Amino acid sequence: MALRPFVLFLPLGLWSEWAAAVATEHPEDLVELLAGTDTHNGSSPSNGNVLPMAKRPHGFNDWAPQTNLEGNAWWFRRAESTFFGIRCTHQPSPWIGDYGHFLVQPHIADAPQELKYTPGTSTFRPYLFKADLQDMTMELAPTSHAALVRVTFPESVTGRLSLTIGSGSVEATGGTISGHTTQNNGGVPADWRGMFFVMKAITPSIASGSVGVAIAKKTSATLQFPSGSGPVVVALATSFISREQAELNLRQEVGSLSFDQVVNQGRAEWKARLRHVEVEALDDSQLRVFYTNLWRSMLFPRFLQEVNEKGREVHFSPYRNEVLPGKLVADSGFWDAYRTVYTLQSIVSPDNLGGLIDGWVNAFNEAGWLPQWPSPGQRRSMTGSMGDFVLGDAIAKSTWGFVSGFNVTNAYEAIRKDAFIEGEGSYGRVGLRDYIQKGYVPESDFKPSHSLSDGAQGFPESVTRTQNYYIADAVVARAAKLLGRADDHDALLARSKRYGVLFNNETLFFQPKSASGHFYAPFDPLAWRNGFTESGGWQYRFYVPHDVEGLKALYRGSLCDRIKAMLTHTSGPAFHVGGYGNVIHEMMEAAAIQPNFGLYAHSNQPVHHILWVAKRAGCSDIADQYLRKATSELYTARGWAGDEDNGEMASWYVLSALGIYSLEGGKDEMVLGSPAVVSATVHLPNGRTLKVRTKNQTEGNVYVQSVMWTPSGGVSHLVTDVLRYTELMGGGTLAFTMAGASKPPSMPRSTMDPVHVFV
């Protein structure tokens, strides 16, 4: 079905150089769904920790094969050849778990049983799964709330298709199976009614003209098809509202469409989305990696709305336990996603971003707080209130005229509440009172009672919490200014600048403090969790992306050398277990890439800003070198250097491969890096295009010599390392001249002070 990538020889504007490049008209067929699916369990190193999901962009349901019955969140592994069916899943991460799931399996025996398939010869596409299962072939084509399944059984036997749940109810009538599944891992009301489903046999029996007969048991039901039925087609649909809504979803999304029509519809939708960015890559491998990551960036958050009989969007609210109007989104954690997912959406699909933000605003209206990790409702996971960054940035881009479709007033109300009202339960900012009064959140993690000696309550991972609050405050301050909220702006801007409170001028690290204002000693920057989330002091050493000039001042001219020291610390321990007490998978992943990246643990989110901070700070040689090194070595068709986490790592790759990045939410600024692709065309709203072009682009030519910006209808001019977002979205051409050696420094480099490694 897929067209092979083809080689183009592209003239680069007025330049004389010609570059060989690889492109495709069908990016949807280059996506590697099996990337990142090798992880064995929660204690083993990860190369993605993802599922090979067939679904629609930001779709309601995901579908993936289940290859084991171990009962944990690692129910699919690429290496396993066992097959227990296709799972309708809503699992955003193995660390969060699944909800509203069920299993569909074809079989010849009386009951479902273990089958065999070959992952390497099966079809895994965003819009289609197909596998040979011993004597059968099973295919599935998804819509957002529904799917069609086609099974080819042997001619001489009775074919069966079973739907199995873990809890809930199943019933069968004629050729229809219906019921609901209540399986979940939290985030739902105590009396949650679950997800409703309906499965209908469409293919008539050759013998009698009747549809397949359904037989129900306690937690499963089976459709039976007499021998000689030929390829059997079955339709499924789901709803969080009611069985009747599931039936309606089936009529709306499938109706009378054939299996092949649903396949082609899904393929066309993914093609259109992925071709928002048309790239010419250095080779076929880079092309596949690019579109695999662009695809991953379009999976989460998940839209939960459905269309009722009046044609209006409605959704089941896990916060109110009732059906309410409008959009709702879930299954994304802001701690990860704030860094890249929404920035990329604001460029390649700002109209879709407006809908996502509308879903988040409705979540705030229903929960009373902006949830930070809903699945489908709020889960107690990760630190900070980084949804403030996302909504604040969207507010800014709304005022600039690029994002719409959400209530700006309500969005600001949500992020202002996080900034000024002490959190409640799993919502809001813990330690906010201390943060406002002292300028930081005090640490408790070093006290067994989780209470500081003077009786004041402290909080674990306090440095990470505090730094996240600084970053969020900076964005909310910018949103406040754009909305004319001068008092809020002044207060929050001042708060965001207090990061020096946690900076130790002797060690030159950010360190946890007690409530009395003393740094905890001794300090070990290699120790994880002692004040930090999922890493240590080294990884949070430069976590001031909202004020790079201020960070440079803290380091007294040595910032570039400090970043280089981190990247070249390639021997000795990569970590100490610290407060975790044992080795966790992120530590193993960090150690695995240390020989090439030092303590820059790109395998997890805490460092994803660092190379772009370096670029913004003028450390261009080290930034260019390692941006290209990361995109070429840490992103492959096999997977990632660690957990991909709901499109965050994928979005980092896409932005970096294009050579653009945003460090500061709500600020009209994009940082320019070292693009990895030969060229790209990004289709913007209103028929505009952003073209990224390179001169002398090769795998080894990683250093940017100059950047020329030509706005649409405007005059070309050289730019430094930044460009306004509003200029970029107006369309134009970014032309990078590349070379194999860095530019000579324009001024003397600083002399580096001794580096504190603490091994």
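Remember, predicted model here, so these are calculated numbers, not experimental data.

Chemist: Honestly, the overall build of the protein in this entry has me stumped. Any pointers?
Modeler: Counting its regular elements, the protein contains 18 helices and 36 strands. The C-alpha atoms of the protein give 26 Å as radius of gyration, which agrees with the globular expectation for 759 residues (27 Å, within 12%). With the C-alpha coordinates aligned to their principal axes, the bounding extent of the protein is approximately 85 × 70 × 50 Å. Counting across all 759 residues of the protein, residues that qualify as buried make up 63%.

Chemist: Teacher, can you tell me more about the environment of Val-198 here?
Modeler: With respect to the helices and strands, Val-198 occurs in strand 15 (residues 195–201). Expressed as a C-alpha distance, the spacing of Val-198 and Pro-92, which sit 106 residues apart in the sequence, is 23 Å. If we ignore the near neighbours within four places in the chain, the residues touching Val-198 are Thr-176, Ile-177, Ser-178, Ala-235, Leu-236, Ala-237, Ala-246 and Glu-247.

Chemist: Can you help me understand the packing of aromatic side chains in this one?
Modeler: For any pair of aromatic rings, the description rests on two quantities: the centre-to-centre distance and the angle between the ring planes. The full count for this structure, using the stated rule, is 33 aromatic pairs. Between Trp-192 and Phe-240 the ring centres are 6.2 Å apart and the planes differ by 40 degrees, which places this aromatic pair in the tilted class. With Trp-192 in the loop between strand 14 (176–181) and strand 15 and Phe-240 in the loop between strand 18 (232–239) and helix 1 (243–253), this pair connects stretches of sequence that are 48 residues apart. Accessibility expressed as a relative area gives 10% for Trp-192, which makes it buried. Ring-pair connections join several aromatic residues into one group, and the members of that group are Phe-76, Phe-83, Tyr-117, Phe-124 and Phe-129. Geometry around Tyr-725 places Lys-397 over its ring, the cationic atom sitting 4.5 Å from the centre. Against the face of Phe-509 rests Arg-541, its NZ or CZ located 4.0 Å from the ring centre.

Chemist: I'm lost on the sheet that holds strand 21 (residues 306–307) in this one. Help?
Modeler: The pairing of strands in a sheet comes from backbone hydrogen bonds and takes either a parallel or an antiparallel form. Read across the open sheet, the three strands follow the order 21-22-23; overall the sheet is antiparallel. On the outer flanks of this sheet lie strand 21 and strand 23 (322–325), each paired with one strand and no other. Across two bridges, strand 21 lies against strand 22 (residues 313–317) in antiparallel orientation. Of the residues in strand 22, the one forming a bridge with Glu-306 is Val-314.

Chemist: Is there a simple way to explain the packing of helix 6 (residues 350–367) against helix 8 (residues 408–420) in this structure?
Modeler: How two helices pack is summed up by the angle between their axes together with the distance between the axes. Viewed as axis vectors pointing N to C, helix 6 and helix 8 meet at an angle of 60 degrees, and their least axial separation amounts to 9 Å. Of the possible angle classes, the one that applies to helix 6 and helix 8 is oblique. At the point where helix 6 passes helix 8, the crossing takes the left-handed sense. Of the residues in helix 8, those in contact with Val-361, Phe-364 and Asn-365 of helix 6 are Asn-410, Ala-411, Glu-413, Ala-414 and Lys-417. Of the residues in the contact of helix 6 with helix 8, the class split is four nonpolar, two polar and two charged.

Parameters at a glance
Residues numbered from 1 in each chain as written. Predicted model: local features only at pLDDT ≥ 70, side-chain atom pairs only at ≥ 80, totals over all residues. Heavy atoms only, no water. Helix = DSSP H or I, 4+ residues; strand = E, 2+ residues; numbered from the N terminus. Rg over C-alpha atoms; globule rule 2.2 N^0.38 Å. Buried < 20%, exposed > 50% of the residue type's maximum accessible area, 1.4 Å probe, protein only. Contact = heavy atoms within 4.5 Å. Phe/Tyr/Trp six-rings, centres within 6.5 Å; stacked < 30°, edge-to-face > 60°. Lys NZ or Arg CZ within 6 Å of the ring centre and 35° of its normal. Pairing = 2+ DSSP bridges. Axes fitted to C-alpha atoms, helices over the stretch in contact; angles between N-to-C directions. Parallel < 35°, antiparallel > 145°, perpendicular 65-115°, else oblique. Left-handed = near helix turned anticlockwise from the far one by under 90°. Nonpolar A, V, L, I, M, F, W, Y, C, P; charged D, E, K, R; others polar.

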